[in-house]
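Notes for the structure review
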Amino acid sequence: MERKVKSLNCPLCGKAMEEGYVHSRKQILWSEDDKPRLFDFYDENLVTMPIRRANKVPGLRCKECKIALFEYE
Ligand SMILES: [Zn+2]
């Protein structure tokens, strides 16, 4: 997947965020509330579960503020 956001300043401290990749061995799921879900019935599956390999998507992070942003299709 090609990177869409190449640079961004951290919304908390304003410094340039570091480019990298977010890796996961499972899917990355989204919900608009904080309620736990049974099984994998979430509002949206942002990054689908890969078969026999780890997922990776382009991202940016601020090490100091401990926040990360990642892209999905
Ligand atoms: Zn920051």
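Up top you'll find the structure we're talking about.
What you see is a predicted model, and the numbers here were worked out from it, not measured in a lab. (Residues numbered from 1 in each chain as written. Predicted model: local features only at pLDDT ≥ 70, side-chain atom pairs only at ≥ 80, totals over all residues. Heavy atoms only, no water.)

Description of the overall build of the protein
Rules: Numbering of helices and strands runs from the N terminus, with a helix taken as a DSSP run of H or I at least four residues long and a strand as a DSSP run of E at least two residues long. Surface accessibility follows the Shrake-Rupley procedure with a 1.4 Å probe radius. Residue values consider only the protein chains on display as shielding. Charge convention: Lys and Arg are scored as positive, Asp and Glu as negative, and His as well as the terminal groups of each chain are ignored. For the purpose of locating charges, the reference atoms are NZ of Lys, CZ of Arg, CG of Asp and CD of Glu.
When its secondary structure is counted, the protein shows 0 helices and 5 strands. Along the protein, from the amino end to the carboxyl end, the secondary structure elements read β-β-β-β-β. Accessible area of the protein: about 6100 Å², with a carbon and sulfur share of 53%. Treating the 14 positive side-chain charges of the protein as one cloud and the 12 negative ones as another, the clouds have centres 8 Å apart.

Some details on the packing of aromatic side chains
The relative placement of two aromatic rings is captured by the distance of their centres and the angle of their planes. To be explicit about the condition: Aromatic contacts are taken between Phe, Tyr and Trp rings whose centres are within 6.5 Å, Trp giving its six-membered ring; a plane angle under 30 degrees counts as stacked, one over 60 as edge-to-face, and the others as tilted. The rule is short: NZ of Lys or CZ of Arg within 6 Å of the ring centre and within 35 degrees of the ring normal puts a charge over the ring.
Scanning the entire structure with this criterion turns up 0 aromatic pairs. The aromatic ring of Tyr21 is capped on one face by Arg3, whose charged end is 5.2 Å from the ring centroid.

Section: the coordination of the zinc ion
When four donors bind a metal tetrahedrally, each ideal donor-metal-donor angle is 109.5 degrees, and when six bind octahedrally, the ideal angles are 90 or 180 degrees. Here is the rule we go by: Note that water is not among the atoms used; donors are N, O and S atoms within 2.8 Å of the metal (3.2 Å for Na, K and Ca), so sites may look incomplete. Irregular is the label for any site that misses the other tests, which are tetrahedral for four donors with all angles between 85 and 135 degrees, and square planar for four donors or octahedral for six when opposite donors exceed 155 degrees and the remaining angles lie between 65 and 115. To sort residues, take the accessible area from a 1.4 Å probe on protein chains only and compare it with the maximum for the residue type: under 20% means buried, over 50% means exposed, and anything in between is partly exposed.
Taken together, the protein ligands of the zinc ion are Cys10 (SG), Cys13 (SG), Cys62 (SG) and Cys65 (SG), with distances of 2.3 to 2.4 Å. Considering all 4 donor atoms around the zinc ion, the spread of angles at the metal, 106 to 112 degrees, places the coordination shape in the tetrahedral class. Written as a sequence motif, the donor arrangement for the zinc ion is C-x2-C-x48-C-x2-C. Taken together, the residues Cys13 in the segment before strand 1 (18-24) and Cys65 in the loop between strand 4 (55-62) and strand 5 (67-70) connect sequence positions 52 residues apart. On the basis of relative accessibility, which here comes to 26%, the residue Cys65 falls in the partly exposed class.

Observations concerning the environment of Asp34
Mapped onto the fold, Asp34 is located in the loop between strand 2 (28-30) and strand 3 (44-47). Taking the C-alpha atoms as reference points, Asp34 and Cys62, separated by 28 residues in sequence, lie 24 Å from one another.

Description of the pairing of strand 5
For the record, the criterion: Following DSSP output, two strands are said to pair if at least two bridges run between them.
Pairing analysis gives 4 bridges linking strand 4 to strand 5, with the strands arranged antiparallel. Bridging from a neighbouring strand, Gly59 pairs with Phe70 of strand 5. The antiparallel hairpin formed by strand 4 and strand 5 contains 4 residues in its connecting segment, where Lys66 sits at a positive phi of about 60 degrees.

Notes on the sheet that holds strand 1
Definition in use: The axes are straight lines fitted to the C-alpha atoms, using for helices just the contacting stretch, and the angles between their N-to-C directions are given from 0 to 180°.
Across the sheet, which stays open at both edges, the 3 strands sit in the order 1-4-5 with antiparallel pairing between neighbours. Each having just a single partner strand, strand 1 and strand 5 make up the two edges of the open sheet. Averaged over all neighbouring strand pairs, the angle between strand axes comes to 40 degrees, with direction disregarded.

Re the pattern of salt bridges
Counted only if it meets this: Each reported salt bridge corresponds to a side-chain nitrogen of Lys or Arg within 4 Å of a carboxyl oxygen of Asp or Glu.
Counted according to the given criterion, the structure contains 4 salt bridges. The shortest N-O distance in the salt bridge between Glu64 and Lys15 comes to 2.9 Å. Highlighted residues: Glu64 in the loop between strand 4 and strand 5 and Lys15 in the segment before strand 1, separated in sequence by 49 residues. Residue classification places Glu64 among the exposed positions, given a relative accessible area of 60%.

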